[in-house]
Amino acid sequence: MKRSFFVLLLLVSYTASFSQKPTDAVTEPHTLGERYIIMKSKSQSYGAYKVIKESTLDGVWKISQDSLDAKKKA
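Quick notes on the rules
- Residues numbered from 1 in each chain as written.
- Predicted model: local features only at pLDDT ≥ 70, side-chain atom pairs only at ≥ 80, totals over all residues.
- Heavy atoms only, no water.
- Helix = DSSP H or I, 4+ residues; strand = E, 2+ residues; numbered from the N terminus.
- Areas by Shrake-Rupley, 256 points an atom, 1.4 Å probe, with all protein chains shown as cover.
- Patch = residues over 30% accessible without salt bridge, like charges linked within 9 Å, V, L, I, M, F, W, Y side chains within 5 Å.
- Salt bridge = Lys/Arg side-chain N within 4 Å of Asp/Glu carboxyl O.
- Buried < 20%, exposed > 50% of the residue type's maximum accessible area, 1.4 Å probe, protein only.
- Axes fitted to C-alpha atoms, helices over the stretch in contact; angles between N-to-C directions.
- Parallel < 35°, antiparallel > 145°, perpendicular 65-115°, else oblique.
- Contact = heavy atoms within 4.5 Å.
- Nonpolar A, V, L, I, M, F, W, Y, C, P; charged D, E, K, R; others polar.
- pLDDT = per-residue confidence, 0-100.

On a plain count of helices and strands, the chain comes out with three helices and two strands. Starting at the N terminus, the α and β elements of the chain follow one another as α-α-β-β-α. When the accessible surface of the chain is split by element, carbon and sulfur atoms take 66% of a total near 6900 Å².

Here it is in structure tokens:
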């Protein structure tokens, strides 16, 4: 029982160490082009591919939608 609890504790601490830090978010106002460049520069590489965190991609999508909605209203 102690052994399984210890293994579970190690797994939880291991996965928590890879969670996204709050400082990774971009809070300053940028244009869509600037946000794309920031997203691309903060992404990781896997061979010939770029790996982008899903939360970052969702944020850029939301900002894009908000910009398009504002343009439609104007």
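Residues Y46, Y49 and V51 make up a contiguous nonpolar surface patch of about 390 Å² in total accessible area. Its location among the elements puts V51 in strand 2 (residues 49-51). When its relative accessible area of 42% is taken as the criterion, V51 is described as partly exposed.

Orientation of helix 2 (residues 32-42) relative to helix 3 (residues 54-73), taken along the N-to-C sense of each, is 175°, at an axis distance of 11 Å. When the interaxial angle is binned, helix 2 and helix 3 end up roughly antiparallel. Of the residues in helix 3, those in contact with L32, R35 and M39 of helix 2 are T56, L57, V60, I63, S64 and S67. Across the contact of helix 2 with helix 3, the residue classes break down as five nonpolar, three polar and one charged.

So, about the confidence of the model for the chain. Residue-level pLDDT values for the chain average 78, and 70% of them are 70 or greater. The secondary structure element of the chain with the lowest average pLDDT is helix 1 (residues 2-16), at 68, and the one with the highest is strand 2, at 90.

A complete count under the given rule lists one salt bridge for this structure. Here D66 and K62 are joined by a salt bridge, their closest N and O atoms 3.0 Å apart. Of the two residues, D66 and K62 both sit in helix 3, four residues apart, roughly one turn of that helix. With relative accessibility at 51%, the residue K62 sits in the exposed group.

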